[in-house]
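# Residue-level structural notes
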Amino acid sequence: MKFNPEKYRIPDEPMKPFIDADEIWEYINNAKPTKEKVREIIAKSLDKHRLNLEEVATLVNTTDPELVEEILQGARTLKERIYGNRIVLFAPLYIGSKCTNNCQYCGFRTENKSALRMTLSDEEIVQEVEALEDNGQKRLILVYGEHPEYSADYIAHTVKLVYGIKKGNGEIRRVNINAAPLDIEGFRKVKEAGIGTYQIFQETYHPEAYTWYHPSGKKKDYDWRLTSLDRAQEAGLDDVGIGALFGLYDWRFEVLALVRHTNHFEACYNVGPHTISFPRIKSAAGLNITDKYFVSDDDFVKLVAILRLAVPYTGMILTAREPIEIRRQVIQFGVSQIDGGTKLELGSYHESKNEQQDLNKEQFEINDNRSLGEIIDELIDHNYIPSFCTACYRLGRTGEHFMEFSVPGFIKRYCTPNAILTLTEYLVDYADENVKQKGYKLIDKTLAELNGHQNTEEIKRRIERIKAGERDLYF
Ligand code: SAM
Ligand code: SF4
């Protein structure tokens, strides 16, 4: 057959960016939710299909209270059907508050002259991590401002340092990162240091709004940030977390943009983002934004449910920025990870500092100040199994949220047993008598529900081995 170059001609026009604000607004402006449509879309998601932008636009435009309730119920049902009752726990560890950017919503911005600027020394990192281990933490996310001091080499150094810190039975088994965008070489370095997820939030996906909030510093460059996790993929780091800071621009736009970002990863790399985060703006020192786009509690609850339905196989992270009541409510929609025992002030895990937050020493206000122990206590009361599982990541089973979702029996075979084993470790090493009793009762109940998916006798044997002193057993 004759080669036909015309067939392979690449058009001369420049490639369209994967976020096209006009296109997103067109979807929102044209979507008209009817009962039939909304129900059809919920059913599609419950049938385990990701939603397209037109469908997501229909859901974000839904205001009829009866239909909104159906959306919330759809998200609850999806969670119950697919994900079961595990919640993975982690804690943030702020390493450095120096920053050359001027994000108008952040306490670390350059113009906030009263902010305390510091970087933990290696010795302080050791003290902090030991204190976190003493509380029972096994998974951390290290957080950094954007500053020449926090180079890829430095981030890699801190990651390796944290993995090496062991106190008693304590150890950190997964270190995630929330830091500024790196170049490809930089992402390669942090991957080699053994990080789990690299998280970067676009803050707002709307290019014009982005320029209002990021007037100077490297973060001013929308495209450099938007393409950052593509560079991570180029570097072989495919475990990435995306997010939008809700309150900067119309929340409906951000929801569609998060779904578009997810499509982009799937189309280009065959794997979606590992997690989606949806922080809401909280009070911060020198906060310099209006409340025009602030998201009400009702809209927040709705948007989390819509995200669950839109990308049913992606991990969802809910943080202590939100008050206890909202955390309780939103967890039902399939949130997979929450933080517990969170402290934002640098150095505050090992030194008891004031209970009252001093916003000049912290990035923003948190609204759930409970200790990890209190959160675990409540999760157990509400029938959730607190999990510190890190098995997939350590066994190289990447894309675990997708597997949980798409491989029949995956959760019962791996996730639930590993949640049980990591909870057992917690109960033996860190829990008080009352939580111990409740925890073992929940474990017995959960074992009874495994219905032969995993060898329950083997799980019971491993529980006994943990009680006898072994650690880090997983499937
Ligand atoms: N400097 C890194 C960067 O900008 O990517 C790390 C980011 S910061 C330590 C983590 C996230 O906190 C930001 O990406 C932003 O979404 C969020 N954040 C900043 N100010 C906030 C505020 N006032 N309320 C809630 N979240 C905030
Ligand atoms: Fe710096 Fe990040 Fe705060 Fe912006 S959000 S000022 S980059 S720490």
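Residues numbered from 1 in each chain as written. Chains lettered and ligands numbered in written order. Predicted model: local features only at pLDDT ≥ 70, side-chain atom pairs only at ≥ 80, totals over all residues. Heavy atoms only, no water.

All right, on to the nonpolar core then. Residues Leu142, Tyr198, Tyr205, Phe278 and Leu303 are the most contacted members of the largest nonpolar core, which totals 153 residues. In terms of residue count, the dominant contributor to this core is helix H17 (residues 410-429) (10 residues). For this core, the domains that each give at least three residues are domain 1 (81-404) and domain 2 (409-467). Those residues within four positions of Phe278 in sequence are excluded, and the remaining contacts are Ala244, Phe246, Phe300, Leu303, Val304, Leu307, Met316, Ile317, Leu318 and Val335. (Core = buried A, V, L, I, M, F, W, Y, C linked by side-chain atoms within 4.5 Å. Buried < 20%, exposed > 50% of the residue type's maximum accessible area, 1.4 Å probe, protein only. Helix = DSSP H or I, 4+ residues; strand = E, 2+ residues; numbered from the N terminus. Domains from an automatic or database assignment. Contact = heavy atoms within 4.5 Å.)

Let us look at the site of ligand 2. Near ligand 2, the surroundings consist of Cys99, Asn101, Cys103, Cys106, Phe108, Arg109, Gly145, Lys219 and Gln363. The residue makeup of the shell around ligand 2, split by class, is four nonpolar, three polar and two charged. (Near = heavy atom within 4 Å. Nonpolar A, V, L, I, M, F, W, Y, C, P; charged D, E, K, R; others polar.)

As a further point, take unusual backbone geometry. With a phi close to 65 degrees, Asn270 is a non-glycine residue in the positive phi region. Among the secondary structure elements, Asn270 is positioned in the loop between helix H11 (251-269) and strand E8 (275-277). A residue is classified by how much of its surface remains accessible, and Asn270, at 72% relative accessible area, is exposed. Despite not being glycine, Asp472 has its phi angle at roughly 60 degrees, a positive value. Structurally, Asp472 is set in the segment after helix H19 (456-467). Asp472 sits in the partly exposed class, given a relative accessible area of 22%.

A separate point is the pairing of strand E9 (residues 315-318). Here E9 shows a buried face lined by Gly315 and Ile317 and a second buried face lined by Met316 and Leu318. Looking at chain direction, E8 and E9 are connected through three bridges and run parallel. Across the sheet, the residue bridging to Thr275 is Gly315, located in E9. Running through helix H12 (residues 297-310), the crossover from E8 to the neighbouring parallel element E9 is right-handed. One ladder, built from two bridges, connects E9 with strand E10 (residues 337-339); its direction is parallel. In the sheet register, Ile317 faces E10, and the bridge partner there is Gln337. Crossover E9 to E10 through helix H13 (residues 324-331) is right-handed. (Pairing = 2+ DSSP bridges. Right-handed = clockwise from strand over helix to strand, strands pointing away.)

Taken domain by domain, the chain comprises domain 1 (81-404) and domain 2 (409-467). Taking only C-alpha atoms, the centre of domain 1 and the centre of domain 2 are 28 Å apart. Facing 30 residues of domain 1, the contacting portion of domain 2 comprises 20 residues. By the criterion of area lost to domain 2, the three top residues of domain 1 are Arg86, Ile380 and Ile385, representing 25% of everything that side buries. Inspection of the domain 1/domain 2 interface yields three salt bridges. In this structure, the salt-bridge partner of Asp381 is Lys438, at a minimum N-O distance of 3.0 Å. Residue assignment for the side of domain 1 that touches domain 2 shows that the elements contributing at least two residues are helix H4 (65-83), helix H5 (122-135), helix H14 (372-381), strand E11 (385-387), helix H15 (391-395) and helix H16 (400-406). Here the element with the most residues in the side of domain 1 that touches domain 2 is H14; it accounts for six residues. (Buried area = accessible area lost by both parts, 1.4 Å probe. Salt bridge = Lys/Arg side-chain N within 4 Å of Asp/Glu carboxyl O.)

Here we come to the pattern of salt bridges. For the structure shown, the criterion picks out 40 salt bridges. A salt bridge links Arg370 to Glu378; the shortest N-O distance between them is 3.0 Å. The class of Arg370 is buried, set by a relative accessible area of 14%. Through salt bridges with shared partners, a single network forms among Glu325, Arg327, Arg328, Asp339, Asp368, Arg370 and Glu378.

It is worth spelling out helix H1 (residues 21-30) at this point. For H1, every residue scored as buried is listed here: Ala21, Ile24, Trp25 and Ile28. Within H1, the buried residues cover an arc of 95 degrees as seen down the axis, which keeps them to one side. In H1, the exposed residues that point more than 90 degrees away from the buried face are Asp22, Glu26 and Asn30. In this fold, the buried residues of H1 make contact with helix H3 (53-60), helix H8 (207-213) and H11. (Arc of directions from axis to C-beta.)

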